[in-house]
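Overview (structure and organization)
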Amino acid sequence: MTLQLITKVYGLLEPGPVVLVTTAHEGRANIMTMSWHTMMEFEPPIVGCVISNRDYTFGILKQTKECVSNIPTAELAATVVDCGNTSGRDFDKFEVFQLTPAAASLVKTPLIDECYANLECKVVDARMVAKYNFFILEVQKAWFAPSTKRPRTIHHQGKGMFMVAGRTIKLPTKVK
Ligand SMILES: Cc1cc2nc3c(=O)[nH]c(=O)nc-3n(C[C@H](O)[C@H](O)[C@H](O)COP(=O)(O)O)c2cc1C
């Protein structure tokens, strides 16, 4: 067993598709890349996520208590990395990275039109924000592009490595 394993745990347990989190405040929308999220409940869907207190998104989410989790596919991979290597403090990422904002229905935050799914979320529990930067979100509304049958989502393994979702298999199971 390698002694270096501890540094690879994140890549081994990558939690799910990389998402683009949009937030908005005083008419200014922003986008950040996020891969540290986890499902916590089926219905209503509850999602926990870690957003660093160094990110511009952190303060806005703490204040507005709403965001959209936009799920991109592999076609947007380079833009996903760009949104995760720059800060909305410095410029408008929608404009610079040529993404299209679309109106959400239950939150004031825009959706990203180019993403195949968009989850409108509200912060329902912020008790672990101070200690872990961990926000608990409830998905209030979910949008999907019906034309995307098998979304090739991207999964971050660390150090610039991404796995692209591929083959799907179906097995009999009692679990939802
Ligand atoms: C693939 C990838 C995944 C990332 N995942 C997270 C994450 O889960 N949580 C986080 O706080 N930052 C994450 N980041 C870093 C933020 O996206 C980055 O700090 C970004 O500049 C924040 O933007 P903002 O200052 O506009 O909010 C990730 C970056 C990349 C490239």
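Here's a quick rundown of the structure. Within each chain, residue numbers correspond to sequence positions counted from 1 in written order. Reporting of local features is limited, given that this is a predicted model, to residues whose pLDDT is at least 70; pairs of side-chain atoms are given and counted only at 80 or more, and all residues count toward the totals for whole chains, interfaces and linings. Here the side-chain values reflect all heavy atoms present in the structure, with hydrogen atoms and water set aside.

**Notes on the side chain of asparagine 118**
Within the fold, asparagine 118 resides in strand β8 (residues 117-125). Among the polar contacts listed, one links the side chain of asparagine 118 to the side chain of asparagine 70, at a separation of 2.8 Å. For the purposes of these results, a polar contact is taken to be a pair of N or O atoms within 3.5 Å, where, inside protein, one atom must be able to donate a hydrogen and its partner to accept one; residues adjacent in sequence count only when each atom of the pair is a side-chain atom. A distance of 3.0 Å separates a polar side-chain atom of asparagine 118 from the backbone oxygen of isoleucine 112. Contacts are residue-level and defined by heavy atoms, with any inter-residue pair within 4.5 Å sufficient. Sequence-distant contacts of asparagine 118, that is, excluding residues within four places in its chain, are made with Val68, Ser69, Asn70, Leu111, Ile112, Lys141, Ala142 and Trp143. Under the scheme used here, helices are H or I runs from DSSP no shorter than 4 residues and strands are E runs no shorter than 2 residues, and both carry numbers assigned from the N terminus.

**Things to note about the packing of aromatic side chains**
Here a ring pair, both rings aromatic, is described through the centre-centre distance and the interplanar angle of the planes. Side-chain rings of Phe, Tyr and Trp (the six-membered ring for Trp) are treated as a pair once their centres are within 6.5 Å; stacked means planes under 30 degrees apart, edge-to-face means over 60, and tilted covers the remaining angles. Taken as a whole and judged by the stated rule, the model has two aromatic pairs. Ring centres of phenylalanine 58 and phenylalanine 135 lie 5.6 Å apart, and the angle between their planes is 70°; on these two criteria the pair is classed as edge-to-face. With phenylalanine 58 in helix α2 (residues 56-64) and phenylalanine 135 in strand β9 (residues 134-144), the pair connects residues that are 77 residues apart, well separated along the chain. There is no split in this pair, since phenylalanine 58 and phenylalanine 135 are both buried. Relative accessibility decides the category of a residue: with a 1.4 Å probe and only protein chains considered, values under 20% of the type maximum give buried, values over 50% give exposed, and everything between is partly exposed.

**Considerations on the nonpolar core**
Grouping buried Ala, Val, Leu, Ile, Met, Phe, Trp, Tyr and Cys residues that are joined through side-chain atoms within 4.5 Å yields what is termed a nonpolar core. Judged by nonpolar contacts, the single largest core of 20 residues is most densely connected at Met34, Ile51, Phe135 and Leu137. For this core, the elements supplying multiple residues, two or more each, are β1 (19-25), β2 (28-34), β4 (46-50), α2, β5 (66-71), β8 and β9. If you tally residues by element for this core, the top one is β8, at four residues. Aside from chain neighbours lying at most four places away, what touches phenylalanine 135 is Val47, Gly48, Cys49, Ile51, Phe58, Leu61, Lys62, Val123, Asp125 and Val129. In this structure, Val18, Ile31, Ala74 and Phe97 belong to the second largest nonpolar core, which totals 13 residues.

**Notes on α2**
Among the residues of α2, Thr57, Phe58, Ile60 and Leu61 are the ones counted as buried. Among the structural elements, β1, β2, β5, β8, α5 (129-132) and β9 are those in contact with the buried residues of α2. Just past α2, the residue lysine 65 takes up positive phi, approximately 60°.

**Quick word on the environment of threonine 57**
Checked against the element boundaries, threonine 57 lands in helix α2. Judged by relative accessible area, threonine 57 falls into the buried class, the value being 2%. In sequence terms threonine 57 and alanine 24 are 33 residues apart; their C-alpha atoms lie 8.8 Å from each other. Side-chain polar atoms of threonine 57 contact the side chain of asparagine 30, separated by 3.5 Å.

**Examining helix α3 (residues 77-84)**
When α3 is considered as a whole, its buried residues turn out to be Thr79, Val80 and Cys83. Projected down its long axis, α3 carries its buried residues within an arc of 105°, all on one side. The secondary structure elements touched by the buried residues of α3 are β1, β2, α4 (93-96) and β10 (154-158). Throughout, the arc means the angular range of directions from the helix axis out to the C-beta atoms.

**Here's the deal with the pattern of salt bridges**
Here a salt bridge means any side-chain nitrogen of Lys or Arg lying within 4 Å of a carboxyl oxygen belonging to Asp or Glu. For the structure shown, the criterion picks out two salt bridges. The salt bridge partner of arginine 152 is glutamate 75, with a shortest N-O separation of 3.2 Å. Highlighted residues: arginine 152 in the loop between β9 and β10 and glutamate 75 in the loop between β5 and α3, separated in sequence by 77 residues. Residue glutamate 75 is classed as exposed on the basis of its relative accessible area of 60%. Here arginine 127 makes a salt bridge to aspartate 125, at a shortest N to O gap of 2.6 Å. The exposure class of arginine 127 is exposed, given its relative accessible area of 71%.

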